[in-house]
2 protein chains.
Amino acid sequence: APTAVMGRSGWQVKSSKLAFNTHNRIRNIVESLKIKPNPEKPMIPLSIGDPTTFGNLKAADETMKAVLHSLESGKFNGYAHTQGHEASRQAVAQYSAHQRPEGAIETSDVVLCSGCSSALEYCILALADRGQNVLIPRPGFCLYHTLAEGLDIEVRYYDLLPEQQWRADLVQLESLIDENTAALLINNPSNPCGSVFDEKHLRQLIAICERHYLPIIADEIYEHFVFPGSKHLAVSSLTREVPVLSCGGLTKRFLVPGWRMGWIIVHDRKQRLGNAVIGLKNMCGRILGSNTIIQGALPEILAKTPQSYFDGVIEVLYSNATLAYKMLKQVRGLNPVMPNGAMYMMIGVSIERFPAFKDDTHFVQELVNEQSVFCLPGSCFEYPGYVRIVLTVPLAMIEEACARIAEFCDRHYKKDSSHSSSFIEHVLLDEDELNF
Amino acid sequence: APTAVMGRSGWQVKSSKLAFNTHNRIRNIVESLKIKPNPEKPMIPLSIGDPTTFGNLKAADETMKAVLHSLESGKFNGYAHTQGHEASRQAVAQYSAHQRPEGAIETSDVVLCSGCSSALEYCILALADRGQNVLIPRPGFCLYHTLAEGLDIEVRYYDLLPEQQWRADLVQLESLIDENTAALLINNPSNPCGSVFDEKHLRQLIAICERHYLPIIADEIYEHFVFPGSKHLAVSSLTREVPVLSCGGLTKRFLVPGWRMGWIIVHDRKQRLGNAVIGLKNMCGRILGSNTIIQGALPEILAKTPQSYFDGVIEVLYSNATLAYKMLKQVRGLNPVMPNGAMYMMIGVSIERFPAFKDDTHFVQELVNEQSVFCLPGSCFEYPGYVRIVLTVPLAMIEEACARIAEFCDRHYKKDSSHSSSFIEHVLLDEDELNF
Ligand SMILES: Cc1ncc(COP(=O)(O)O)c(C=O)c1O
Ligand SMILES: Cc1ncc(COP(=O)(O)O)c(C=O)c1O
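I will try to describe carefully the structure that is included in this document.

Scoring rules and cut-offs
Residues numbered from 1 in each chain as written. Chains lettered and ligands numbered in written order. Predicted model: local features only at pLDDT ≥ 70, side-chain atom pairs only at ≥ 80, totals over all residues. Heavy atoms only, no water. Helix = DSSP H or I, 4+ residues; strand = E, 2+ residues; numbered from the N terminus. Rg over C-alpha atoms; globule rule 2.2 N^0.38 Å. Buried < 20%, exposed > 50% of the residue type's maximum accessible area, 1.4 Å probe, protein only. Contact = heavy atoms within 4.5 Å. Core = buried A, V, L, I, M, F, W, Y, C linked by side-chain atoms within 4.5 Å. Salt bridge = Lys/Arg side-chain N within 4 Å of Asp/Glu carboxyl O. Pairing = 2+ DSSP bridges. Axes fitted to C-alpha atoms, helices over the stretch in contact; angles between N-to-C directions. Near = heavy atom within 4 Å. Polar contact = N/O pair within 3.5 Å; in protein donor to acceptor, adjacent residues only side chain to side chain. Least-squares fit on C-alpha atoms with pLDDT ≥ 70 in both. Areas by Shrake-Rupley, 256 points an atom, 1.4 Å probe, with all protein chains shown as cover. Phe/Tyr/Trp six-rings, centres within 6.5 Å; stacked < 30°, edge-to-face > 60°. Buried area = accessible area lost by both parts, 1.4 Å probe. Expected span 1.5 Å × (residues − 1). Arc of directions from axis to C-beta.

## Side note on the overall build of chain A
Point 1. Per the secondary structure count, chain A includes 14 helices and 14 strands.
Point 2. Relative to the 2.2 N^0.38 estimate, which gives 22 Å for 436 residues, the radius of gyration of chain A is 23 Å and therefore close to what a compact globule would have.
Point 3. With the C-alpha coordinates aligned to their principal axes, the bounding extent of chain A is approximately 70 × 65 × 50 Å.
Point 4. In chain A, which comprises 436 residues, the share counted as buried stands at 64%.
Point 5. Counting only contacts in chain A whose residues sit at least 6 apart along the sequence, the fraction spanning at least 24 positions is 75%.

## Considering the nonpolar core
Point 1. Counting 276 residues, the largest nonpolar core has A:Leu250 and B:Leu250 as the members making the most contacts within it.
Point 2. For A:Leu250, the contacting residues outside a window of four places in its chain are A:Leu255, A:Val256, A:Trp259, A:Met261, A:Trp263, A:Ile294, A:Leu298, A:Ile301 and A:Leu302.

## Points about the pattern of salt bridges
Point 1. Applying the stated criterion to the full structure yields 35 salt bridges over all chains.
Point 2. We note a salt bridge from A:Arg25 to A:Glu382, for which the minimum N-O separation is 2.9 Å. Separated by 357 residues along the polypeptide, A:Arg25 in helix α2 (residues 25-32) and A:Glu382 in the loop between β13 (376-377) and β14 (386-390) bring together distant segments of the chain.
Point 3. Judged by relative accessible area, which is 21%, A:Glu382 ranks as partly exposed.
Point 4. In this structure, B:Asp159 and B:Arg138 form a salt bridge, with 2.8 Å as the shortest nitrogen-oxygen distance.

## A look at the sheet that holds strand β2 (residues 110-114) of chain B
Strand-to-strand pairing in sheets goes through backbone hydrogen bonds, with the strands running parallel or antiparallel.
All names here are of chain B.
Point 1. The eight strands lie next to each other as β2-β9-β8-β7-β6-β3-β4-β5, forming an open sheet whose pairing is mixed. Each edge of the open sheet carries a strand with a single partner, namely β2 and β5 (167-168).
Point 2. Lying over the sheet, helix α10 (residues 292-304) contacts β2 and β9 (261-267), oriented at roughly 70° with respect to β9.

## A look at the environment of A:Glu174
Point 1. With respect to the element layout, A:Glu174 can be found in helix α7 (residues 170-175).
Point 2. Taking C-alpha positions, A:Glu174 is 13 Å from A:Pro137, a pair spaced 37 residues apart along the chain.

## Quick notes on the site of ligand 2
Point 1. Around ligand 2 there are 15 residues in total, and A:Tyr79, B:Ser117, B:Asp219, B:Tyr222 and B:Thr251 lie nearest to it.
Point 2. Near ligand 2, the surrounding residues are drawn from chains A and B.
Point 3. Measuring from an oxygen atom of ligand 2, one finds a backbone N or O atom of B:Cys116 at 2.8 Å.
Point 4. B:Arg260 has a polar side-chain atom sitting 2.8 Å from an oxygen atom of ligand 2.

## Some thoughts on the relation of the copies chain B and chain A
Point 1. Mapping chain B onto chain A is achieved by rotating through 180° and translating by 0.0 Å along the same axis, at an RMSD of 0.0 Å. The transformation relating the two chain copies, once decomposed into turn and shift, fits a two-fold axis. Using C-alpha coordinates, one finds that chain B approaches the rotation axis most closely at B:Asn291, a distance of 3.3 Å.
Point 2. Mapped onto chain A, 100% of the interface residues of chain B are again interface residues, and the two copies thus contact each other with one and the same surface.

## Things to note about the site of ligand 1
Point 1. In the vicinity of ligand 1 there are 15 residues, among which A:Ser117, A:Asp219, A:Tyr222, A:Thr251 and B:Tyr79 approach most closely.
Point 2. A:Ser117 is positioned with one of its side-chain polar atoms (N or O) 2.5 Å from an oxygen atom of ligand 1.
Point 3. Here an oxygen atom of ligand 1 sits 2.7 Å away from a polar atom, N or O, in the side chain of A:Asn191.
Point 4. When ligand 1 sits alone it has 400 Å² of accessible area, and the protein chains cover 97% of it.

## What to know about the packing of aromatic side chains
Centre-to-centre distance and the angle between the planes together describe a pair of aromatic rings.
Point 1. Going through the model one piece at a time under the given rule, you end up with 34 aromatic pairs over all chains.
Point 2. Consider the rings of A:Trp11 and B:Tyr213, whose centres lie 5.7 Å apart with planes at 90°: the pair is edge-to-face. Here A:Trp11, found in the segment before α1 (17-20), pairs with B:Tyr213, found in the loop between α8 (199-212) and β7 (216-219), and the two come from separate chains.
Point 3. Given the relative accessible area of 25%, B:Tyr213 is considered partly exposed.
Point 4. Clustering of aromatic rings is evident, with ring pairs tying together A:Tyr95, A:Phe254, A:Trp263, A:Tyr309 and A:Phe310.

## Description of unusual backbone geometry
In terms of backbone geometry, most residues other than glycine have negative phi values and most peptide bonds are trans.
Point 1. Of the consecutive residues A:Arg138 and A:Pro139, the connecting peptide bond is found in the cis state with omega at 0°.
Point 2. Along the chain, A:Pro139 falls in the loop between β3 (133-138) and α6 (143-149).
Point 3. At B:Tyr213, a position not held by glycine, the phi torsion is positive, near 55°.

## Quick notes on the interface of chain B and chain A
Point 1. Each partner contributes to the interface: chain B provides 92 residues, whereas chain A provides 92 residues.
Point 2. Taken together, both faces of the contact between chain B and chain A bury some 7600 Å²; the carbon and sulfur share is 55%.
Point 3. The three residues of chain B that bury the most area against chain A are B:Arg8, B:Trp11 and B:Arg286, which together make up 13% of that side's buried surface.
Point 4. For the pair chain B and chain A, the interface holds four salt bridges.

## Structural notes on helix α8 (residues 199-212) of chain A
All names here are of chain A.
Point 1. Taking 1.5 Å of rise per residue, 14 residues should cover 20 Å, and α8 covers 20 Å from first to last C-alpha, within 8% of that figure.
Point 2. Of all the residues in α8, the buried ones are His 201, Leu 202, Leu 205, Ile 206, Ile 208, Cys 209 and His 212. End-on, the buried residues of α8 take up no more than an arc of 155°, which puts them together on one face.
Point 3. Elements that come into contact with the buried residues of α8 comprise β5 (167-168), α7, β6 (181-187) and β7 (216-219).
Point 4. The positive-phi residue at the C-terminal boundary of α8 is Tyr 213, with phi of around 60°.

## Re the pairing of β14(A)
Residue and element names in this part refer to chain A.
Point 1. The buried fraction of β14 is high, at five of five residues.
Point 2. With burial as the criterion, each face of β14 is covered, one bearing Tyr 386, Arg 388 and Val 390 and the other bearing Val 387 and Ile 389.
Point 3. Where strand β11 (residues 344-349) and β14 come together, five bridges link them in antiparallel fashion. Across the sheet, the residue bridging to Met 345 is Ile 389, located in β14.
Point 4. Two strands pair when backbone bridges link them, and β13 and β14 are joined in this way by two bridges, in the antiparallel orientation. Opposite Pro 377, over in β14, you have Val 387 as the bridge partner.

Here is the structure:
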């Protein structure tokens, strides 16, 4: 007979705290909207972060062929090393050589992961313990919060300043640091800002990390995704003192988000990460890495996808950015911030000029309902007062969307003579004229 | 000037507890061995769990073609729903219809994951909080421990009894349950035992769960992997009372471990999992699922891979099992347990009969060094006194390996007249003669 035990007394199954607190902020906000698009107008979803949705942008033939070769070889069905196949990691090391100008990246510095999301998860979870904190950008990609919160890792937001091309507020950032700060997370180029940090600013960030002995987690998934006139610098290329975990992958640049091929490059020239590198590699034992067919294709993908392909994608994004910026800049009550890279543009909404709407979320909701144009509210990125649009749609679609946004704003704009800040604000926010 | 802050005072970066405690037990033990294979004899690694390593077992043409079609369609490069593409989940639901005889599995009951490992991770992490415990089998697959430990989820081992065809010790199992027990994990068919629970035993396990209100996590990655004379029953097919999270995938049956396609099927007929189902789905937002090319191929893979292919694989495993069992049963000091499924055999080692070796790990080490045959010590599965061999190698290789093992054992076997238990033990452990 079973010994008497004290088990549960009923079906009180419930979610763990971790799972319950793994929130997707975007989904939560989007689901709370009361949306009924205008049936007269075809829907234009400027909210969708997947660049392959609209059919105008797709993976290069070379990229696809590499996978075909890998598949046909029949050699990539088995388990890989938990950190990835040697040859695939070697290919990533070579592809990322610019991240470490003074010497070669070793294969053992590369960890393949299931998408950049998984790379970020491992970095955050390997560096931060429950009760510690990680500094993350505001506005910023909501996944950082999703990954950390359930594990009781605190996220502390440092502000990016729209009037300074979304550079970080260094003073505020530094004031957040305490003895429990485990890492500074930088997202460069940025989602949702489309900003690209220049060398000077990166060096300022590095200096703070050096002062406070903070490793950097660099979300560089938009690496090389920069518009003419800007230059992407890997933060790891500018410091040998501060350890950097650079997270990247095929997702954005190769336009294959579904393939889930991401990676971490460990830059730890002075061996300062200690056993955190072991911890990071331990993490790979949890789910055993990413799809091996793609791993097998990686050397060919990285070597053969031509520059002309990347240039073509940038051209699309840049044309869209230029057009949208030009059109939206003329809309009263809106303050678009011209991006320098990535695939997004943030648009400030002077909400006091739109008394019909109580906030950015409400603004976005009514924009769908009247004009069938869907933007993401800034609240999705912890940044109310803005909306984000994607730049990955066909040019005609962005044009039509901007025209509808203009119509919508004109309709709801309320001139308020008692409130004269708007003009000044508009001038101040135009980075074509003022350079901070 | 920056405000004065209290940051760290030096580079004391260290691994988080989670990452540091994400141990791979097998790797730790294997790495601790002092191995120098005998150069006179070619190495036979009977340790490798990857069935594709030896070239004799490979994915079906139909499986490979399905991926080709998915790739060529160009439709599966974008992000999928975090729980997987609708059509792919629908295909898994149909494929798994036997798990729920009384009604259809809904698409929303299926969650695609990055391998069965990721499925198990989500199930354990969604059901158990820090400080709670999960019951897992001993001997058992070490990943359960790897996944739980770092999160301070306690694993409590229930014993599988070799003399009872590795059925669970029900009394001992039930004695482990307390109010902090979050789930019972069943691995059926089992790695490393190769055992297949019969209906009666599954019902006994279900009864315990019903008594104590425990959901079941069923690791059924070896589903359908049973030898002639045995039958695989999905535990979910036998109960509507106890919620079951069944974890499966393509890995083993379709011989494509590298593809990382796993899934969870949520069986919660009486809605007893409460918000744990939401939690489980939340978890999918962390790394955004599994490779979409494989997702796109899933309907065709599951529909078109022919029964003859699966039968062929079983035939190989069964022949190997039969041969190895026959050969090793005659070796003094060894007690092989004939498996009924999966891809492994456990072999008891009467270590007191081998005074040259202090334990199973030492035995395994010297077996490599003398005979170049590598088995995994039972310690890798929390079960010293046994070694595990894989049954996925070519027949000639298993024959050669068993011959070498026999030679090794004969050489080191010490007859001890003062110790008469061995003969009795040998008889007792032979399930051909005794049926418990
Ligand atoms: C800044 C940023 N980091 C990471 C990711 C996730 O990339 P992946 O799809 O490779 O996981 C995204 C995707 O939108 C992103 O915008
Ligand atoms: C019992 C058991 N469960 C789960 C797994 C992991 O499967 P996957 O490779 O799909 O993550 C294995 C792999 O060996 C296993 O033996």
